[in-house]
Amino acid sequence: MSRFPWLLARWPSSALSLLLLSVVGRQMGLEVVQAIVCSWWGAPSNKSLSQDGDVIIGGLFNLYYKPSYVEQVFNTLPHYEPCTGLDPEVLQNVYAMAFAVEEINRNNTLLPGVKLGYRIFDSCVRYPWALQAALSLVAGDKHSCGQPVPLLIGDATSTTTIFLSRILGPLSVPFISYLSSCPCLSDKIKFPNVFRTIPSDIYQARAMAQLAIRFGWTWMGAVVDNNDYGLFAIQAFQKETQGKGVCLEFLETVHRETIESDARRVALTIQASTARVILIFCLYIDVKTIFLELAKLNVTDRQFLASEAWSTNNDLLRNLAISKVASGVLGVAIRSSTIPGFENYLRRLHPIRNPDDDFLQEFWENEFGCSPGASFQKASLSPCSGTESLEGLHNPITDTSQLRVTYNVYLAVYAAAHALHSLLSCPDTDSSHGNNSSTCSSPKNIKSIELLQHLNNLHFSTPQGEMFYFQGGDAPAKYDLVNWQNTPEGSLKLVLIGRVDGFDLHLNQSAVQWSNGSNQVPTSVCSESCPPGTRVANRKGEPLCCFDCIPCADGEISNQTGSLHCERCPLEFWSNAKRTACIPRQLDFLSFNETLGITLSTAAVSGTVVTTAVFVVFLYNRQTPMVRANNSELSFLLLLSLKLCFLCSLVFIGRPSVWACRFQQAAFGISFVLCVSCLLVKTIVVLAAFRSARPGAEALMKWFGPGQQRGSVCLFTSIQVIICATWLSLSPPVPQRDLGFQGSKVTLGCAMSSVVGFSLVLGYIGLLACTCLFLAFLARKLPDNFNEAKLITFSMLIFCAVWVAFVPAYVSSPGKYTVAVEVFAILASSYALLLCIFAPKCFIILLRPEKNSKKHLMAR
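Report follows, based on the coordinates. These figures come from a predicted structure and were not determined experimentally. (Residues numbered from 1 in each chain as written. Predicted model: local features only at pLDDT ≥ 70, side-chain atom pairs only at ≥ 80, totals over all residues. Heavy atoms only, no water.)

1. Quick word on the sheet that holds strand β12 (residues 247–254)
Then, number 1: Here eight strands make up an open sheet; going across it, the order is β12-β11-β13-β14-β15-β20-β21-β22 and the pairing mixed. The sheet is open, and its two edges are formed by β12 and β22 (504–507), each paired on a single side. Pairwise comparison of adjacent strand axes, ignoring direction, gives a mean angle of 25° for this sheet.
Then, number 2: Packed on one face of the sheet, helix α7 (residues 201–214) meets β11 (219–225), β13 (277–281), β14 (303–306), β15 (330–334), β20 (478–486), β21 (492–501) and β22 and runs near 55° to β22. (Pairing = 2+ DSSP bridges. Helix = DSSP H or I, 4+ residues; strand = E, 2+ residues; numbered from the N terminus. Axes fitted to C-alpha atoms, helices over the stretch in contact; angles between N-to-C directions. Contact = heavy atoms within 4.5 Å.)

Here is the structure:
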């Protein structure tokens, strides 16, 4: 009982009775079970279509689409009223079965000597009636002239097929369904006796998923029938779209019994939703009710994706009330085909020539409004005149332009015939194998289980030349893609726009007319795709299709729409402004062309010019006491070293090269040591001169004569030369690209391969400067009117302050600004020495010449 919970919920007492009967039937025989069932329900309908033959095949069709019933209380058996509303399209399917049987009987090569017959009943989409009809056919009661059928063509719905297969499965009665497309029926372990001439919904769902992905419909709604067809189909669709960015905003189910209220609920959901594409897996009668409700709400801006159950329904296409709602429907349809001679067969049908055709009688009465003969004349209808005919009649029953389900029925009959032919054909055997006649089946003794084996191995060519075979009981996946387009009359027409073969989809997109009336594909997204330069950031608690777009960080790019991640650029590249491409990083160095470089260059050149001017002034006034005081030779050497200091700063500006990196530090170190050495010697000479004036110290100055002064300067400078030579020979500075700080720029600078070497250069300069500052500080109060030691003290204070501040500024400055800091320190210290030492002297020489005398200089 646990296998049918859905049936128990629907018919608690009835389902229990049916299943108990199915179990009892396995022991008692179908004749007993069928008699009991008939005594409970009675005949569902006394209308049928049949033809006698040596072998009879059964047919189950849902000929009536307006079933009405009155349920009694659940503890009693239900009483069903007759179905109403004969469906002309399904009636065409019935005649396709009859036509195929007649065509096979005329064929001398297929089932030769065996006449094929049929028994066709209506199941009215009701499980008890479908079961009773199936039992009548399989057991061979009075309705089937007492001859059991070995095979059934049907049913049209997946749920009914599942129901009948499970109950009649132990008898191995084969079912060849022409419309049951539930993927669950592909399970040959659960349903070994079910074959289909319609593909599984797996392929239909995959085609719909491909359409959604192709057109970028990532935010959709879905409406499905609450049965095996709808639920399994949407499950297959969700499986196909999983991980591909397609989300369902809502999933609504509808029931046949409560379709009116369900349709109103679905229409309100669609109206309130932001999804613009709606997927519908429902029967056409349910879709019609939903569309009528949408028309009342004037919802005309939705694009519908149709399943094969309603994508080609003429009743929907001709209905003007829903044309605005249904315009632009894009659907998957059963592959259309042609049946030669079938249209002529249909148009020749007439109740006079087919007096036993109950369905044709009813169709005639509905279509022409008269009774076709005295034997079945209704009191409410007048007799037909006899001129009524299907010739020239425009009706779904005679429309053979696109045979879809009809061709599936036709194909199912041929599959049954070829399986019977294979079963009834005895292979030629030689004498060594004896007589095998006992293994050959006869038309009167066909075992369903043997027929089942032949169906599994079936492979034949149809009259149209199409090769057909079952793939695990399923038909090869072939579909049409159709589009509902507007006509001048206001109705809709069906247009073929593509095909599906297996997993391959072929679509003529330019031929599609969308719901908005244009050729522009409608958009249905929760969030617009993230443009290049951004990435997807999922919103917390919302579906994956709803997200925000976050710009990529510096140095990262995304060059595709809807990127989930930003990619980091290679080291030598950086992201552009839009974060869409990696571009080579700009080389960044202290250039002569930029403002900072021009400013520093101008300061260096100005310093050189001023130093040269001072040199000229001193040279011109070299015989004056101001110049001759304290060794004029050292003054000229000091001016030359200052000039070199100003010029060496220019070496730091411009693109670094191997030789520039080596020369700039050596020039800087040697120039400043030469400069400071001159000041140090000058300071020593000043101290020595005043110390020698004391009694007993006259011999001190002989150690500080001009030769000793020059030698001292050369000695101090030589030490720096040795340090620089050793440093540059062992581990010289080299040009290096700094990729780590400036982002879009690559800083090109000179890397100190040996910090020790650079530290020794600066340390030696600092040692000489501190020594000079200390000695000058000692000599600052000597009693000369013009004491040069004071000037040296002040200049060295500024010099030391500049270079003490240089160290932290140099370490903390990024990129090219480290070079700028060093150049600034060179220029600042050079200007400090030049101005503090030579400005007072030039002032006296040029502006106070009267003070440029020995008397004034020696005065206290």
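2. What about unusual backbone geometry?
Then, number 1: Backbone torsion omega between Gly-154 and Asp-155 reads 0°, so that peptide bond is classified as cis.
Then, number 2: By the secondary structure assignment, Asp-155 is in the loop between β8 (152–153) and α6 (158–168).
Then, number 3: Residue Leu-111 is not a glycine yet carries a positive backbone phi of 50°.
Then, number 4: Relative to the helices and strands, Leu-111 resides in the loop between α4 (88–105) and β7 (116–122).
Then, number 5: Take Leu-111: its relative accessible area is 5%, and that puts it in the buried class.
Then, number 6: If you check the backbone angles, Arg-579 has positive phi at about 60° while not being a glycine.
Then, number 7: Take Arg-579: its relative accessible area is 19%, and that puts it in the buried class. (Buried < 20%, exposed > 50% of the residue type's maximum accessible area, 1.4 Å probe, protein only.)

3. Focus: the state of the cysteines
Then, number 1: Applying the stated criterion to the full structure yields eight disulfides.
Then, number 2: With a sulfur-sulfur separation of 1.9 Å, Cys-370 is cross-linked through a disulfide to Cys-384. Between Cys-370 and Cys-384, the S-S torsion sits near 95°, and that sign places the bridge as right-handed. Highlighted residues: Cys-370 in strand β16 (residues 370–371) and Cys-384 in the loop between β17 (382–383) and α15 (405–424), separated in sequence by 14 residues. Here Cys-370 matches Cys-384 in class, with each residue buried.
Then, number 3: Free of any disulfide, Cys-645 has its nearest neighbouring cysteine sulfur in Cys-675, separated by 5.0 Å. (Disulfide = S-S within 2.5 Å.)

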